[in-house]
Amino acid sequence: MRELISSISMVIGGLFNLFGCIGLVRLPDVYNRLQASTKCVTLGTCFILIGVIISGPISASLKSFLCIIFILITAPTSAHALSRASIKAGISLWEKSVVNKMEEEKK
Amino acid sequence: MKKGILIFLLFIAWIFLTWPFGKEIDWQILISGIFISIFVGSIFGELFTENPHNFFGFKRYLWAILYLPYWFWYCILANLDVAYRVLHPNLPIRPGIVKVKTNLKSKSGLTALANSITLTPGTMTVEIEPENGYLYIHWIYVKTDDIEKASELIVRRFEKILERIFE
């Protein structure tokens, strides 16, 4: 039973990672790509680690738990750093973007 | 005080990483862990947190435990949302950067809010202005560019709980 639950959780995690990668290829600009990859890869990796927590020995479980906490803290922060750096470097949004408050305020 | 809390947390992390289950306790590893936590904690303790007294509020931990499932639900919604947009043949996106206002003041509160926003449906924090409490947010499907309405849609659902945890 434990094996089954952990396998299901790992498959879900792998699927989310796959969606993130498809998004990385299909979406048009840096910011949209960051959105897709950050969200999907964070939760996908968390699901894989939850699978490890359920099935593995207790020492591996504790380590995966720590990994989940650190991923949840660092992944959004690094996405924020990357997007902020691209704004500062002057990379413009996709041409069909609707609104850009940062540009408007600079003028 | 800040240093003490950081040293304590680091030592807990060390125990998580090295505790030998089912075997004898290795004192060498534990003692080296104490020294490493004290060393790292005394270097980075000043950067750690603004008001260390918040660590002793018992209610904050209860609110944090309440916040987790709430947040996890939005996280799963966000992933399904991304999956839908990515797999749809027409790519239904309408991206843009909007500005929202928040009432949170403390640095840790703002960080938690920004991270929560990044992991929830269609939004990602691009820039923070902590002086006035403004956040610039990249929205994958812009519904409104008005500051008040956007704040209502993006920020309010987390702000009320985060206020009780971090402020």
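Residues numbered from 1 in each chain as written. Chains lettered and ligands numbered in written order. Predicted model: local features only at pLDDT ≥ 70, side-chain atom pairs only at ≥ 80, totals over all residues. Heavy atoms only, no water.

1. Observations concerning unusual backbone geometry
All names here are of chain B. At Leu91, a residue that is not glycine, the phi angle is positive and equals roughly 55 degrees. With respect to the helices, strands and loops of the structure, Leu91 is situated in the loop between helix H3 (58–87) and strand S1 (96–101). Judged by its relative accessible area of 18%, Leu91 falls in the buried class. (Helix = DSSP H or I, 4+ residues; strand = E, 2+ residues; numbered from the N terminus. Buried < 20%, exposed > 50% of the residue type's maximum accessible area, 1.4 Å probe, protein only.)

2. Thoughts on the packing of aromatic side chains
If you walk through the whole model with that rule in mind, you get 8 aromatic pairs over all chains. Ring geometry for Phe47 of chain A and Phe72 of chain B: centres 6.4 Å apart, planes at 55 degrees, overall tilted. In this pair, Phe47 of chain A sits in helix H2 (residues 30–55) while Phe72 of chain B sits in helix H3, so the two residues belong to two different chains. The class for Phe72 of chain B is partly exposed, based on a relative accessible area of 31%. Summarising the aromatic geometry, the rings of Tyr70 of chain B and Tyr74 of chain B are spaced 5.4 Å apart at their centres and angled 80 degrees between planes, so their arrangement reads as edge-to-face. With Tyr70 of chain B and Tyr74 of chain B both in helix H3, this residue pair falls 4 residues apart, about one helical turn. Classification of Tyr70 of chain B by relative accessible area gives partly exposed; the value is 29%. Given the relative accessible area of 17%, Tyr74 of chain B is considered buried. Grouped by ring-pair contacts, the aromatic residues Phe16, Phe19 and Phe47 of chain A together with Phe72 of chain B constitute a single cluster. Sitting above the plane of the Tyr141 of chain B ring, Arg94 of chain B keeps its charged end 5.9 Å from the centroid. (Phe/Tyr/Trp six-rings, centres within 6.5 Å; stacked < 30°, edge-to-face > 60°. Lys NZ or Arg CZ within 6 Å of the ring centre and 35° of its normal.)

3. Looking at the interface of chain B and chain A
Listed by partner, the interface residues are 43 residues for chain B and 43 residues for chain A. Both faces considered, chain B and chain A share a buried interface measuring about 3900 Å² in area, 73% of it formed by carbon and sulfur atoms. The interface formed by chain B and chain A includes 2 salt bridges. Of the charged contacts in the structure, one is a salt bridge between Arg84 of chain A and Glu127 of chain B, with a shortest N-O distance of 2.6 Å. Linking chain B with chain A are 10 residue pairs in polar contact (both at pLDDT 80 or more), by the criterion used here. For the side of chain B that touches chain A, the secondary structure elements donating two or more residues are helix H1 (2–18), H3, S1, helix H4 (107–118), strand S2 (123–129) and strand S3 (134–139) of chain B. Taken together, the residues of the side of chain B that touches chain A break down into 29 nonpolar, 10 polar and 4 charged. (Contact = heavy atoms within 4.5 Å. Buried area = accessible area lost by both parts, 1.4 Å probe. Salt bridge = Lys/Arg side-chain N within 4 Å of Asp/Glu carboxyl O. Polar contact = N/O pair within 3.5 Å; in protein donor to acceptor, adjacent residues only side chain to side chain. Nonpolar A, V, L, I, M, F, W, Y, C, P; charged D, E, K, R; others polar.)

4. Focus on the domain arrangement of chain B
Partitioning chain B into structural domains gives domain 1 (2–48) and domain 2 (57–166). In this structure, domain 1 of chain B and domain 2 of chain B have C-alpha centres spaced 33 Å apart. (Domains from an automatic or database assignment.)

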